Amino acid sequence: MSITSPSGFSPQFLVNGLISGINTQQVISALLQSYELPVTNLENQQSQINSQVKDWQAINKDIAAFQTAAQSLSTPSGWNLMTASSSDTSVATATATAGAASGSLTFSVNQLAQAEILASQNSVSSTSTSITSDSQYLLSKGAENYGFQWLATVQGSGLALGSHSIQVTQASQAATITGTAALTSQSFTTSDNTLGLTVNGTAYSLTLPTGTTLSPSQIVSDLNSAASSAGAPVNFSLNSSGELVVSTNDSGSADTLEINSSTATTDPSTAAAALDLPTGTTVSGVNAVVNVDGTSNTITNIAPGGEVQLTSGDSSGGSIEVKFAGATGPNGSTAALSTGTVSATNISLGNGSLGDVVNNINAAGAGVTASAVQTSSGAYILQLASSTTGTDGQITVPLSGADAYNPFGTVLGNMNAIQSAQNAQISVGGTSGYTLSSQTDTFNNVMPGTNVTVTGTGSTTITVAPNAAGQATQVQNLVTAANQVLSDIQKYAGYNDQSKVAGPLMGNAILQGIQGQILSTFATNGGTSNLGNALAAGISVTSNGTISFNQTTFESEFAAHPHQVAALFEQGIQLPSGSPYTSEISLVYASNQTQPGTYALTVTQPALQATDTGDEYYSSPTSTVSTAETLTVGSGGATATYATTVGETLSAIAQGLNQTFANNSMALSAQVVDTTSGYAVQVTSNSYGGSAGFTLSSTASGTGTTGLAAAANTTYTYAGQNVAGYIDVNGTDVYGTGNGQYLAFPTTNSPLAGLDLQITTPGTLTYPISTNITYVQGLGQQLSSQMYAASSPINGSVTTTINSLQQQSTGLDPQIAFYSQIVAQEKKTLEAQFAQMEATLGSLKNQGAMLSSSIAQLPGL
């Protein structure tokens, strides 16, 4: 059928020609073949290129995976897998993290951790029975760790429901006097055996035994006994320097202490000199400062069993009653608050029924589970169970039924501990060893990097050793990745003898080069190890061009020589034999572009810590200062002070400073150093370099002080020093950037390309110092560098090939579009011509029909 158009109009489309009897579509297709040939050829060429791109991309993906596997074994971090085992898993199990220290540890598990459970003394007949008329209940846990026995809501004070923060920002201290020298064994006579002291304004006289030589510990024991007999609220002890320490039982500024002089009118001291105790000066304790919801409360007296109300800073105001815990001292109980934060939750008691109390406590999310336990028919008690084990989970609420702050006391009586809060505890080394405690049954870093979970009481030995099986898995991953790349190269660029078919990339020089690099490196590279090559670790090159791995051989060699096996794979540096710097210059990092070889290194200056050494010198670490001073130290955004006292030894000052640094998270340390001029106190930064620094000032200077500040009330700044140096590269000195002990060379420099060294040479050497260093890639790094050179997204040989082929494919698009346009235009022209032909033939046929009709109608025909 053909579609015709009126005269003067071209046909709009052509289905086929019934007028002419010609298959016009077939004719047009035949006529277009010569026009379509360039398009077909170009599309076939593009398809072939795109197929090659896919082949190269598949190879590149596997090369990148191989490079990652090789890189993971090129540094020490890839060889620090450790395994931990227990000789008795019914007592404890252990896990070792990567880099854990090897060794063994034997210990005994004394007890497991457990959570506290409280139960009421009395019961009620049903859960609907009212057990309190109070409206609120303050629940807290672990407050006893900071010196509180319990915390409670002051009913009617307006304390808001919900969470509250009670933070001890300043610890209280007892009034304390420390001896000026280590206490020695001695005997006393009636003329020097009396110690007079005044505590909180009351004078006491303590008498020591005479006629026998007493050791320091015996002296302390006798003084505590004498204080107990006299009713003097003080404790005697020895500090770590062996000096006698006298302190009040209570703490806070309301507590005062003085050692009476020998000429005092009341209870003079005849033994003070023999005990090296300074006399005639009254010292006071230090107040505790407790912040409650943002409001600061100062407490001037903390006594065992004492109570005080703290004001809350929440929007509703309100008060919290606290009771102080007592600690057992040599002479009576002592009390003090230590820094820390307690979280408490104030809970509504609803209608006061047992059921409502239980529901409200459980809904509060305070870390305590409440239960109404039926102990017998018609008897229900209140039970509170902490959700956490250890003393941090101890429920610190009023327990006595007689306590006005126990809202359940009138009805339920005492809240008794049917299971006490208990930390897990292990003993190491027997009676001469030490004890460790944990809030849970897990002890972290019992050995560096090893965590232990106790499961029962008894003894066990934990052994930590290199994880040969784990390292074997990593090496197997490397070999598997290598064989995948070799298989890819054979598939795409090799020849299949069985099928007699060559791969689409047959004979490609890039792939042949990569294949040769892989096989050669596995066969020859030995890193810095003395094992020779990877064959000693179970890795070999087979006759069919693949890599074989014998895990049994590897694990055996690794168990015997773990560091030498790792050195086969790791990057590293070597110094000349006999070099004095072998242990002081080490490799931190080398990139995939760092070239192996020998380089001439010059260190122009060492890394140093920030250091302040006092310029007042003494004869020994136990020498004492005669002038008190307050040292103010600033570091890392924190500021802390430490006040020295007259008669304090240099060792005690260093110890006090270190405690101050620790309390304020300062990366500083103090020590007593032996200089050419004598012993002095020294403060240093823990780290090295220009960013490691601190400031220090003192309220006093000169004779009798630490000498840490040259002038009083002047702030001095101390900074460390970065290491500095350079490497000679083809006659040009390439300087590294120092950061503490680390010297990093430019990433843009070839051949160093980001080489990073750790240099720990001491400041006592004469600089500059020079030595050759030889950078050795090792098996892992050499393979990683080779594969990076192939798959680097910037200039890798495989990546460049892929980009080039993609550009070729894209470059054919304009040509295909050009010839396709010609085909389309020619097709349009032919269709128009054939349509016109059909229309013309149709018109002629119509005219013929009309003529035939007209002729047939002529007369006589």
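Residues numbered from 1 in each chain as written. Predicted model: local features only at pLDDT ≥ 70, side-chain atom pairs only at ≥ 80, totals over all residues. Heavy atoms only, no water.

Undergrad: What should I look at first to understand the overall build of the chain in this one?
TA: Secondary structure summary: the chain contains 11 helices and 49 strands in total. Seen through its C-alpha atoms, the chain measures out along the principal axes to roughly 175 × 85 × 60 Å. Across the 861 residues of the chain, 43% fall into the buried class. Pairs at least 24 residues apart make up 68% of the contacts formed inside the chain by residues separated by at least 6 positions. Charge-centre separation for the chain: the mean point of 9 positive side chains lies 43 Å from the mean point of 43 negative side chains. (Helix = DSSP H or I, 4+ residues; strand = E, 2+ residues; numbered from the N terminus. Buried < 20%, exposed > 50% of the residue type's maximum accessible area, 1.4 Å probe, protein only. Contact = heavy atoms within 4.5 Å. Lys, Arg positive; Asp, Glu negative; His and termini not counted. Charge placed at Lys NZ, Arg CZ, Asp CG, Glu CD.)

Undergrad: Would you mind showing me how to read the sheet that holds strand β11 (residues 234-238) here?
TA: Each strand in a sheet pairs with its neighbour through backbone hydrogen bonds, running either in the same direction (parallel) or in the opposite one (antiparallel). The strand order across the open sheet formed by three strands is β8-β12-β11, and the pairing between neighbours is antiparallel. Lying at the two open borders of the sheet, with one neighbouring strand each, are β8 (176-182) and β11. Each neighbouring strand pair of the sheet contributes to a mean axis angle of 15°, computed without reference to strand direction. Of the pairings in the sheet, the one linking β8 to strand β12 (residues 243-248) comprises four bridges and is antiparallel in character. Each bridged residue has a counterpart across the sheet, and for Ala182 the counterpart in β12 is Glu243. (Pairing = 2+ DSSP bridges. Axes fitted to C-alpha atoms, helices over the stretch in contact; angles between N-to-C directions.)

Undergrad: Even after reading the chapter, I still don't get the environment of Gly736, so can you show me in this structure?
TA: For Gly736, the position within the fold is in the loop between β45 (732-735) and β46 (737-739). Among the residues examined, Gly736 registers a relative accessible area of 18% and is labelled buried. Spatially, the C-alpha atom of Gly736 lies 28 Å from that of Asp612, the residues being 124 residues apart in sequence.

Undergrad: Can you help me understand the packing of aromatic side chains in this one?
TA: Aromatic ring pairs are described here by two measures, namely the spacing of the ring centres and the angle between the planes. By the definition in use, this model includes 10 aromatic pairs. Here the aromatic rings of Phe818 and Tyr819 are separated by 5.2 Å at their centres, their planes lie at 75°, and the arrangement is edge-to-face. An aromatic cluster of three or more residues is present, and its members are Trp79, Phe549, Phe554, Phe558 and Phe569. (Phe/Tyr/Trp six-rings, centres within 6.5 Å; stacked < 30°, edge-to-face > 60°.)

Undergrad: Sorry if this is basic, but what is going on with the side chain of Glu243 here?
TA: Inspection of the secondary structure assignment puts Glu243 in strand β12. Buried charge Glu243 goes without a salt bridge, the closest partner of opposite sign being Lys323 at 35 Å. At 3.1 Å, the side chain of Glu243 and the side chain of Thr649 are in polar contact. Each residue touching Glu243, except ones within four places of it in the same chain, is listed here: Thr178, Gly179, Ala181, Ala182, Leu183, Ser237, Leu238, Thr649 and Ala652. (Salt bridge = Lys/Arg side-chain N within 4 Å of Asp/Glu carboxyl O. Polar contact = N/O pair within 3.5 Å; in protein donor to acceptor, adjacent residues only side chain to side chain.)

Undergrad: What is the right way to look at the sheet that holds strand β38 (residues 630-635) in this model?
TA: Reading across the sheet, the four strands line up as β39-β38-β42-β43 and stay open at both edges, with antiparallel pairing between neighbours. Either end of the sheet is taken by a strand with one partner, and the two such strands are β39 (638-643) and β43 (716-719). Geometrically, the sheet is characterised by an average inter-axis angle of 20° between neighbouring strands, direction not taken into account. Judged from the four bridges that link them, β38 and strand β42 (residues 693-698) form a sheet pairing that is antiparallel. Across the sheet, residue Leu631 finds its bridge partner in β42, namely Ser698. Strand contacts of helix α9 (residues 650-663): β38 and β39, with the helix running at about 150° to β39, the strand carrying the most contacts.

Undergrad: Would you mind going over the nonpolar core with me for this structure?
TA: Nonpolar side chains in soluble globular proteins tend to end up buried together. Phe66, Ile514 and Phe522 are the most contacted members of the largest nonpolar core, which totals 51 residues. If you list the elements that add at least two residues to this core, you get α1 (24-72), α5 (468-493), α6 (509-524), β33 (547-549), α7 (551-560), α8 (562-569), α10 (778-791) and α11 (797-856). Here this core takes 12 residues from α5, the largest share from any one element. Counting residues in each nonpolar core, the second largest holds 27 residues, with Ala175, Leu197, Val199 and Ala232 among its members. (Core = buried A, V, L, I, M, F, W, Y, C linked by side-chain atoms within 4.5 Å.)

Undergrad: Any chance you could explain a nonpolar patch on the surface here in plain terms?
TA: Taken together, Tyr35, Phe818, Tyr819 and Ile822 make up a surface patch of nonpolar side chains, about 350 Å² in accessible area. Looking at the nonpolar patch element by element, the count peaks at three residues for α11. Position of Tyr35 relative to the elements: it lies in helix α1. The exposure class of Tyr35 is partly exposed, given its relative accessible area of 33%. (Patch = residues over 30% accessible without salt bridge, like charges linked within 9 Å, V, L, I, M, F, W, Y side chains within 5 Å. Areas by Shrake-Rupley, 256 points an atom, 1.4 Å probe, with all protein chains shown as cover.)

Undergrad: How do you make sense of the environment of Asn414 when you look at a structure like this?
TA: With respect to the helices, strands and loops of the structure, Asn414 is situated in the loop between α4 (409-412) and β24 (415-419). Judged by its relative accessible area of 27%, Asn414 falls in the partly exposed class. On a C-alpha basis, the gap between Asn414 and Asn122 in space is 7.7 Å, while along the polypeptide they are 292 residues apart. Excluding its chain neighbours within four sequence positions, the residues that come into contact with Asn414 are Ala119, Ser120, Gln121, Leu399, Ser400, Gly401 and Ala402. Within the local environment of Asn414, its side chain forms a polar contact with the backbone nitrogen of Gly401, the two atoms lying 2.5 Å apart.

Undergrad: Would you take a moment to explain α6 for this structure?
TA: With 16 residues, α6 extends 22 Å from end C-alpha to end C-alpha; this agrees with the ideal 22 Å at 1.5 Å per step. Along its buried surface, α6 packs onto α1, α5, β32 (539-541), β33, α10 and α11. Looking at where α6 begins, the residue whose side-chain oxygen comes 3.0 Å from the main-chain nitrogen of Ile510 is Asn508. (Expected span 1.5 Å × (residues − 1).)

Undergrad: Before we go on, may I ask you to explain the packing of α10 against α11 in this structure?
TA: When two helices pack together, their arrangement is given by the angle between their axes and by how far apart the axes lie. Close contact between α10 and α11 brings their axes to 3 Å; oriented N to C, the two are set at 10°. Relative to α11, α10 is oriented roughly parallel. Judged by residue contacts, Ala789, Ala790 and Ser791 of α10 engage Ser797, Val798 and Thr799 from α11. Looking at the contact of α10 with α11 residue by residue, the classes come out as three nonpolar, three polar and no charged. (Parallel < 35°, antiparallel > 145°, perpendicular 65-115°, else oblique. Nonpolar A, V, L, I, M, F, W, Y, C, P; charged D, E, K, R; others polar.)

Undergrad: I keep staring at the pairing of strand β3 (residues 103-111) and nothing clicks. Help me out?
TA: Walk down a regular strand and you will see the side chains alternate between the two sheet faces. Note that β3 and strand β29 (residues 458-466) share seven bridges and pair antiparallel. Within the sheet, the bridge partner assigned to Thr106 lies in β29 and is Thr461. Relative to strand β25 (residues 424-428), β3 runs antiparallel, the two sharing four bridges. Following the sheet pairing, Phe107 is matched in β25 by Val428.

Undergrad: I'm lost on the packing of α1 against α11 in this one. Help?
TA: Taken N-terminus to C-terminus, the directions of α1 and α11 make an angle of 165°; their axes are 9 Å apart at the nearest point. Classed by the angle they form, the pair α1 and α11 counts as roughly antiparallel. Note on packing geometry: the crossing formed by α1 with α11 is left-handed. Residues that form the contact of α1 with α11 fall into these classes: 22 nonpolar, 15 polar and seven charged. (Left-handed = near helix turned anticlockwise from the far one by under 90°.)

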